[in-house]
Amino acid sequence: MITGRRLFVSSAVFGIVIAIVHWFSSRDYDGTILLGVMATALAFAASYMFVAEREAQLVGDRKDASNADVKGERLGVFTVATPWSLLAAFGACLLLIGLAVFPVLGVAGGAVLGFGLFQLVRESR
Amino acid sequence: MRNVRFVATTALLLPLAGCGVYGLPNGATQQAQTMHLDWVVFSDAGLVVAVLLFALIIAPLILWRRRSDAYPPQFNRNNRWEIAYTGIPLLMVIGLFAFTFWDEEIVERITAHPANTVDVVGFQWSWRFHYHNTNIDVVGTPQSPPQLVLPVDETTRIDLTSSDVNHAFWIPAFLFKRDAIAGISNHFDLQPTRLGVYRGVCAEFCGLDHALMSFTVRVVSRGDFARWLRNGGSSAILSAKGASL
Amino acid sequence: MTTTTVTAPAPGTSLVRHGVIAWLSSTDHKHIGILYMCTSIFYFLVAGLLAMTIRAQLIQPNMTLLGPHQYAEIFTLHGTAMIFLSIVPFALGLANFLIPLQIGAPDMAFPRLNAFAYWIFFFGGLTIFSGVLVNGGAAATGWTAFAPLSDIRISTGGGQDLWIVGLLMTSVSGILTAVNFITTTFLYRAPGMTMWRLPVFTWEMIATSLMILLAFPSLAAVLALLFIDRNFGGQFFDAGAGGNPVLYKHLFWFFGHHEVYIMILPYFGVITEIIPVFSRKPLFGYTGLVLSAFAIAGLSMGVWAHHMFTTGAVANLFFSGVSFLIAVPTGIKFFNWIGTMWKGSIILTTPMLFAVGFMLNFLIGGITGVMIASPPLDFHAEDTYFLIAHMHYVLGGGSLFAIFGAIYFWFPKIFGVQLSERLGKWCFGLLFIGFNTTFFVMHILGMMGMPRRIYTYPALQGWGELNFIATVGSWIMAAGVFVFIWDVVSASLARKGVADDPWGGNSLEWWTTSPPPEQNFTSLPPIRSERPVFDAKHPELARRTGK
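Just so it is clear, the structure is predicted and the values come from calculations on it, not from any experiment. (Residues numbered from 1 in each chain as written. Chains lettered and ligands numbered in written order. Predicted model: local features only at pLDDT ≥ 70, side-chain atom pairs only at ≥ 80, totals over all residues. Heavy atoms only, no water.)

A. Spotlight on the pairing of strand 1 (residues 116–123) of chain B. All names here are of chain B. Counting buried positions along strand 1 yields seven of eight residues, so the element is predominantly enclosed. In this sheet, strand 5 (residues 156–162) lies alongside strand 1 in parallel orientation, the contact comprising seven bridges. Within the sheet, the bridge partner assigned to V121 lies in strand 5 and is T161. Pairing of strand 1 with strand 2 (residues 126–131) involves six bridges; the strand directions are antiparallel. Within strand 2, the residue paired with V121 across the bridge is R128. (Buried < 20%, exposed > 50% of the residue type's maximum accessible area, 1.4 Å probe, protein only. Helix = DSSP H or I, 4+ residues; strand = E, 2+ residues; numbered from the N terminus. Pairing = 2+ DSSP bridges.)

B. Structural view of the sheet that holds strand 1 of chain B. Residues and elements named next belong to chain B. Pairing is mixed across the open sheet formed by five strands, whose spatial order is 3-2-1-5-8. Two strands close off the open sheet at either side, each with one partner strand: strand 3 (137–139) and strand 8 (186–190). On average, each strand axis in the sheet is inclined to that of its neighbour by 20°, with strand direction left out of account. (Axes fitted to C-alpha atoms, helices over the stretch in contact; angles between N-to-C directions.)

C. Expanded view of the sheet that holds strand 7 (residues 176–180) of chain B. Residue and element names in this part refer to chain B. Strand order in the open sheet formed by five strands is 4-10-9-6-7, with mixed pairing between adjacent strands. The strands lining the two open edges of the sheet, one partner per strand, are strand 4 (147–151) and strand 7. Ignoring which end each strand starts from, the neighbouring axes of this sheet average 25° apart. Note that strand 9 (residues 196–202) and strand 10 (residues 214–220) share six bridges and pair antiparallel. Counterpart to G196 in the pairing with strand 10 is V219.

D. Local environment of helix 4 (residues 111–130) of chain C. With 20 residues, helix 4 of chain C ought to run about 28 Å at 1.5 Å a step, and its terminal C-alpha atoms sit 29 Å apart, in line with that. With 16 of 20 residues buried, helix 4 of chain C lies mostly within the body of the structure. (Expected span 1.5 Å × (residues − 1).)

E. Inspection of the nonpolar core at higher detail. Core analysis: the biggest nonpolar cluster contains 282 residues, and F169 and F174 of chain B together with W203 and F358 of chain C have the highest contact counts within it. Here this core takes 22 residues from helix 3 (residues 68–103) of chain C, the largest share from any one element. Look past the residues within four positions of F174 of chain B in its chain and what remains in contact with it is A28, T29, A32, M35, L150, L190, P192, Y198, V217 and V219 of chain B. (Core = buried A, V, L, I, M, F, W, Y, C linked by side-chain atoms within 4.5 Å. Contact = heavy atoms within 4.5 Å.)

F. Layout of the arrangement of the chains. Where the two pairs of chains in contact are concerned, the greatest contact count is recorded for chains B and C. Considering only C-alpha positions, the minimal separation of the non-contacting chain A and chain B is 13 Å.

G. Broad picture of the interface of chain C and chain B. Counting residues at the interface gives 92 residues for chain C, matched by 77 residues for chain B. Carbon and sulfur atoms make up 70% of the area that chain C and chain B hide from each other, which totals about 7,400 Å². The tally of links between chain C and chain B comes to two salt bridges. The partner of K249 of chain C in a salt bridge is E204 of chain B, and the shortest N-O contact between them spans 3.3 Å. Applying the counting criterion to the chain C and chain B interface returns 24 residue pairs in polar contact (both at pLDDT 80 or more). Those elements that provide at least two residues to the side of chain C that touches chain B are helix 3, helix 7 (245–262), helix 9 (286–299), helix 10 (316–341), helix 11 (350–372), helix 12 (375–381) and helix 14 (421–448) of chain C. Examining the composition of the side of chain C that touches chain B, we find that 14 residues originate from one element, helix 10 of chain C, more than from any other. Broken down by class, the residue content of the side of chain C that touches chain B amounts to 57 nonpolar, 23 polar and twelve charged. (Buried area = accessible area lost by both parts, 1.4 Å probe. Salt bridge = Lys/Arg side-chain N within 4 Å of Asp/Glu carboxyl O. Polar contact = N/O pair within 3.5 Å; in protein donor to acceptor, adjacent residues only side chain to side chain. Nonpolar A, V, L, I, M, F, W, Y, C, P; charged D, E, K, R; others polar.)

Structure, rendered in structure tokens:
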């Protein structure tokens, strides 16, 4: 996790540096704003990782760990199959196509997407 | 290595003799001389790197093919080599950038007092050339491309824009293009050095007849140009005089 | 929802599901990876056929096989399909399949999100292509769709709108997948698999995911703005109403140049997996190689406007300087591959041949890339066939060769079936010769003055001959692709079984069975370096590495 955090911190710092250099070499608003927004996004992710770090103790980060250390421990619950991902994607597709060519289709698509998302949330309870 | 040196020297000398290298047209403007040099320097540097790296990639395939099932020495990580193969390319690109820094300035330099100024407007799908302080206004169509007349050895300022979508004004013989964008006026100078008729095209895809959006550039002597201006841009004068071009 | 609780070490269940319903509803990363890869190969074949028609039209001057509008539709769909529906999703699919296997995890962190990402990509691709059915035809403004050309007043057809929403769907899919990759690699590594022991392919995918997160929102933004301009009376890109066409270029290329590295970094990873296995040596400089991926990802933030040198609206020297710098980390990768092969014990199998072909082709593309990073040189080369040649050397000779290398390398692991080495070498030979025949001459055509995206050209000196050579090359490439299809079909029919580790691999996917069981692993070797499987099989040569 420390490596991961460093990754985001250094990317954010580099983004800020390059935004500043870009501003002074071009005085161009469009590009500088793009770079600034991007650096902010990276800094946001990095700051979240500082918070998350305190709680995380990953067996994958211990360089001498082996399978015996975690024998029998529960790694997690994984979904194997669900029909609702496909349905939600189909609804999103209809919604967007509807926006482009045929509004009624968009409404139907929105309903399908909403139903799919509702089912996804419901089943993870 | 001798072959590389031979190719490199030939490539460096060819432009001096006035011939094209690597299929590149002769630069027919003052500015194009610099850009041509840029092409030659970069192509030669690229050629040297390509030959060297091709050799380094192919050589292990010939020298160290598997001969037995035994594993070769499992070596890796060598700081000295890693610093070398980071540092040397870094120095190379710094050198190339310095060169770019120098010639970018020359190519884009704009004189304060050009001899003539031409407004160029790209539209779907042809060009309009308007000469400042005259009534000369040439409008082409895809079927009959317009002609841009330029005097030799004089600086002509081009003010470039578009009245609809993006276009790009490109004269391959001048090794130069610039985008024509609505709402933006781009300026650059052209100083042709050789008489002749050259082909110009639109380089940015702009719709159906993009492929037909060409024009011709006719570089004439200063006397001819002055006469052409006085006659309100009548090309009859030129075709009589300039048939030999 | 069907779930499974995974305890460590994960039990290998025999619960294998078959049939259409199973594939449609599966959230298993391996199924999703296979779906991604098959879809992208399908679009590769479609886009390849489109390219063949382009080459047929250009075989000689003044051809009339295609009309100007048809030609524009075809090159737009060719570019869109190759970039958004083929090269990028193949990498996402391969990573979907490989990342959990390489880090020793039972699945991705968010399996249902993963399935959603695939299906929205799937529908996005169909939406883009559905443009051919509507009035006015498919989008015909190039894969860049620069406004104002793509504005409603000029491109009136509904195909352009379908193109926009289809692309929006694929960009959403990319963002979700990137989030999934980063979370999975950060949190679901097996015991002992520290970050500095991750296989290089996984590392390259982390860098790629980071770039996807930076770039795709910019694409989504520009598509949304264009959509508003077209359908709801917006004027973002209409110069006459105070909009700015250059803003479109900024937003598009801010995405677009990240996209270039998104299309190549995964394949650097593929090559870096293949070369050590067939040189039978460890990677020369693991840390340097990983850092170089992040150097590329970082520097790629500051290069987008090298696509805009000729606009006269950006600081050319800044973008030129940063673009030059990218050559350095790319060079590090090349010297690493050479250092890995050096004094090795090289086996020239089909995947290794594709890796070598990748290096040779990509080197040419890289060198021309440094050339056009110099603005005075780009003033001539921009938007010409020189650029077409450069771009295809990087994406065709580079990424596509790596795709074929990856297929030949991992096909036994994915399907438990070995492809034919003999046909594979034929496939490589035909593709390599055909590719270079097609695209090398394009450098010269571009310098002579042939602009891109023209449906016809006049009979100027030399143009006809060079274009004819390029078209003949495209036929040779097509023959290579046919050999590949033949190979896959015949191998699938023969179903010759394959060992779990046919090549003597390094990373964890070679530890499990071919194809892997439902939860990927029944056991794991101790992980003490970046090649745990090699260490376990050759303890006398094993070395301990990684922080």
